[in-house]
Structure formats: structure tokens, C-alpha cells
Amino acid sequence: MRYFGVIGSPIHHSLSPLIHNFLFSYLGISAHYDKFDIPSPSLLASTLQSLSGANITLPYKEEVFGLCDEVRGFAQEVEAINTVLCRNQKLYGFNTDGLGFWECIKNLELKTALVLGAGGSARAIAMMLKKQGVDTMIYNRTPSKVDFFRSRGIGVLETLEVKEVDLLVHTTSVGLDGKSLPYQQEKLQSLVSKAKYVFDVIYPSQKGIVGIDQFRDFFLSRPKTAFLGLSNQGMDGLEMLLYQAFFAFEIFCDGQYCFEELKALFYNSLK
Ligand code: ATR
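As the structure is a computational prediction, the values presented were derived from the model and not from experiment.

The rules we used
- Residues numbered from 1 in each chain as written.
- Predicted model: local features only at pLDDT ≥ 70, side-chain atom pairs only at ≥ 80, totals over all residues.
- Heavy atoms only, no water.
- Helix = DSSP H or I, 4+ residues; strand = E, 2+ residues; numbered from the N terminus.
- Rg over C-alpha atoms; globule rule 2.2 N^0.38 Å.
- Buried < 20%, exposed > 50% of the residue type's maximum accessible area, 1.4 Å probe, protein only.
- Contact = heavy atoms within 4.5 Å.
- Pairing = 2+ DSSP bridges.
- Phe/Tyr/Trp six-rings, centres within 6.5 Å; stacked < 30°, edge-to-face > 60°.
- Axes fitted to C-alpha atoms, helices over the stretch in contact; angles between N-to-C directions.
- Parallel < 35°, antiparallel > 145°, perpendicular 65-115°, else oblique.
- Left-handed = near helix turned anticlockwise from the far one by under 90°.
- Nonpolar A, V, L, I, M, F, W, Y, C, P; charged D, E, K, R; others polar.
- Salt bridge = Lys/Arg side-chain N within 4 Å of Asp/Glu carboxyl O.

Visitor: It is not clear to me how the overall build of the protein chain should be interpreted in this structure. Could you clarify?
Guide: From N to C terminus, the protein chain includes 11 helices and 11 strands. Radius of gyration (C-alpha) of the protein chain: 18 Å, near the 18 Å computed for a compact globule of 271 residues. In terms of overall dimensions, the protein chain has a C-alpha envelope of 50 × 40 × 35 Å along the principal axes. Counting across all 271 residues of the protein chain, residues that qualify as buried make up 54%. Taking all contacts inside the protein chain whose residues are at least 6 apart in sequence as the whole, residues at least 24 apart take part in 67%.

Visitor: Teacher, can you tell me more about the pairing of strand β7 (residues 112-116) here?
Guide: Each regular strand carries side chains that alternate between the two faces of the sheet. Most of β7 is tucked away, with 4 of its 5 residues classed as buried. Relative to strand β8 (residues 135-139), β7 is paired through 5 bridges, and the arrangement is parallel. Bridge assignment links Leu116 to a residue of β8, and that residue is Tyr139. The sheet contact formed by β7 and strand β10 (residues 165-170) spans 4 bridges and is parallel.

Visitor: For this particular structure, what's the right way to read the packing of aromatic side chains?
Guide: For any two aromatic rings, the description comes down to two numbers: the centre-to-centre distance and the angle of the planes. Applying the stated rule across the entire model yields 19 aromatic pairs. Note on Phe219 and Tyr267: the rings are 5.8 Å apart at their centroids and 90° apart in plane angle, and the pair reads as edge-to-face. With Phe219 in helix α9 (residues 212-221) and Tyr267 in helix α11 (residues 259-268), this pair connects stretches of sequence that are 48 residues apart. Three or more aromatic residues joined by ring pairs form one cluster here, namely Phe22, Tyr26, Phe215, Phe218, Phe219, Tyr243, Phe246, Phe247, Phe259, Phe266 and Tyr267.

Visitor: What should I look at first to understand the environment of Phe227 in this one?
Guide: Structurally, the position occupied by Phe227 is in the loop between α9 and α10 (238-252). Given a relative accessible area of 2%, Phe227 falls into the buried group. For Phe227, the contacting residues outside a window of four places in its chain are Leu116, Leu168, His170, Leu181, Leu188, Val192, Val198, Phe199 and Asp200.

Visitor: Can you help me understand the packing of α10 against α11 in this one?
Guide: For any two helices packed against each other, one specifies the crossing angle of their axes together with the interaxial distance. Viewed as axis vectors pointing N to C, α10 and α11 meet at an angle of 130°, and their least axial separation amounts to 9 Å. Relative to α11, the element α10 lies oblique. The handedness of the crossing between α10 and α11 is right-handed. Contacts from Glu239, Leu242, Tyr243, Phe246, Phe247, Phe249 and Glu250 of α10 reach α11 at Phe259, Leu262, Lys263, Phe266 and Tyr267. A breakdown of the residues in the contact of α10 with α11 according to their chemical character gives 9 nonpolar, no polar and 3 charged.

Visitor: Explain the sheet that holds strand β1 (residues 2-8) to me, please; I cannot follow it from the model alone.
Guide: Reading across from one edge, β2-β1-β3-β5-β6-β4 is the order of the 6 strands in this open sheet, with mixed pairing throughout. A strand with exactly one partner marks an edge of an open sheet, and here the two such strands are β2 (31-37) and β4 (70-71). The pairing of strand β3 (residues 53-56) with strand β5 (residues 83-87) spans 3 bridges and is antiparallel. For Asn55, the partnering residue across the bridge sits in β5 and is Thr83. Sheet strands in contact with helix α1 (residues 16-26) are β1, β2 and β3, and its direction is about 170° off that of β2. Set on the sheet, α10 makes contact with β1, β2, β3, β5 and β6 (90-94); between it and β5 the angle comes to about 10°.

Visitor: Just to check I follow, could you spell out the pattern of salt bridges for this structure?
Guide: Side chains bearing opposite charge may pair, as long as their charged atoms lie close to each other. In this structure the tally under the stated criterion is 13 salt bridges. Lys163 is the salt-bridge partner of Glu161, the closest N and O atoms lying 3.8 Å from each other. For Glu161, a relative accessible area of 36% translates into the label partly exposed. You can call Lys163 partly exposed: its relative accessible area is 27%.

As C-alpha cells, then:
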């Protein structure tokens, strides 16, 4: 039996165990995936070493970048890790957030984007948008955290100006409670009304989703996030969560199953 898990804090809301355990069980793989609420970064290395692989969520994506023995693929550009493979006591870091995000929006016609927030998710999203040729800007409450973006050619807004953009992406951790907004409501309302498309990395949380049947009901009738409540359209982060998980699963299984196969399998089970 191999053990995997998602590491972060808070972690009680995470649906990652449900997704991965469903796939392990469906595919007959002897593995189990759990949640690890780590209150301090000092426990990250030992927790990672005790597992075959892990997903990393807030607030540790950047911290784990520094703990990896080798960083692979897009994670080298993002310098934030959401997937770790542990082999022979070595930690290999990956980032599947950017790919998962792109799978959600790749069919939209986008020239410009504004990303709100500057954490690990914002890095993956902004770098992926830039890589795909979208003119991307960022705004964050704490200006000192935007240097990473500026040095990589991503425009930085010093104040939250209301701009017309094709895509507005909310990546801050505010709203995990289902009701809070990161910045002044009127400002956000104006921004949202000027955006062609709106994306919230947050997905609504609901207690008691333990099996695929409960997940199906939630998937089909989930409430809006606080940020999407400002808009009459928009996508929440639930599909991005699924897609980054399928890409991570591919890594956990050494490419034995591919993203499209895992996506089809999971979505068929939601019908
Ligand atoms: P993740 O890895 O999911 O992106 P993170 O790295 O912890 O999470 O980043 C959290 C983001 O939410 C940051 O942009 C943070 O802004 P600061 O750099 O100013 O801290 C943002 N955030 C958290 N609490 C916030 C608040 N109360 N108001 C506005 N932004 C907030």
C-alpha cells in the first residue's frame, strides 16, 4: 500500500482525498490519500518524506519549492509547488495548478487578464496566462509580494484600478468562509462588471461530502462563491481543482494514466 495526501492549513475543506481515493479505488490501485493539517512549516519535510507523494495547498506552495531536491517542468518557472513525488528519500516538485487552470479557460478568447492576489496560485495562473500570450496584470494587498511577478514581465497595479479586462481572476484566500471579499465591495463590483469573464480559484465548501454520490449532487448544484456572487456569470475553482488533481494523479502513477483518460473516467461517474 502506498500513502499520499494533501498538506496545508486549513485543510478540512479539501476535496482532494475524495478525488484521489475514488481514482485509486476505481483503477484498483493499492494506495490511500489523506489530509494533513500542518500548523508549522517545520513539519513539512518530515511529512513529505513519510509519503509516496503529496499535493500542497495554501500556505505552503512556495515553502515546498525550497524543500525539493529537484523541481520539474512548469514549477521551475512558477517557483511554487502543488505536487510532490517522493522517491528514494528524494523530493521531486511539480506544479499542476497552471495546467489545471488553463484546461478550464483554454477555449475563451483572451487578450488581457487581471489576477487578484500574489500567492502560490496567483503565480501559477499569471505565469500560465503569460505563457499563453495573454497580456496579464496583477494586484495584491501587500506590495512587497509582487516582485516575483514584476521581474517576469507581468504588469503590477499599485492600486486597485477599475480596468476593462477580458478575464478577471480572484486567487486570494479570502472567501474560503463562503462570504468574505478581499477588497472593498464597490471596487470589486465595478471590476467584475467590466470583465468579460470572471474566474474564482475558490470553490464552495460543504461539510459531509465523503463519497462520489454526494460529490455529484454538490457538483451539479453547488452555491456561488462570495466573489462570484458579485457577477451574473463566472467559473469557480472546482473544475480547476479536479483538473490539477488529474494531472497530479498522472504524476503519482508515473504516467500510467493520462489526464484525458482520468477526466473521462471521473466525469462519467458524475453522470
Ligand atoms: P495560495 O497558495 O492559495 O495562493 P497563499 O500563498 O497563502 O495562498 O496566498 C494568499 C493570497 O491571499 C495572497 O495574495 C494574500 O495577500 P497578501 O500577500 O497581502 O497577504 C491574499 N490574502 C490573504 N488574506 C487577505 C486579506 N485579508 N485581504 C486581501 N488579501 C488577502
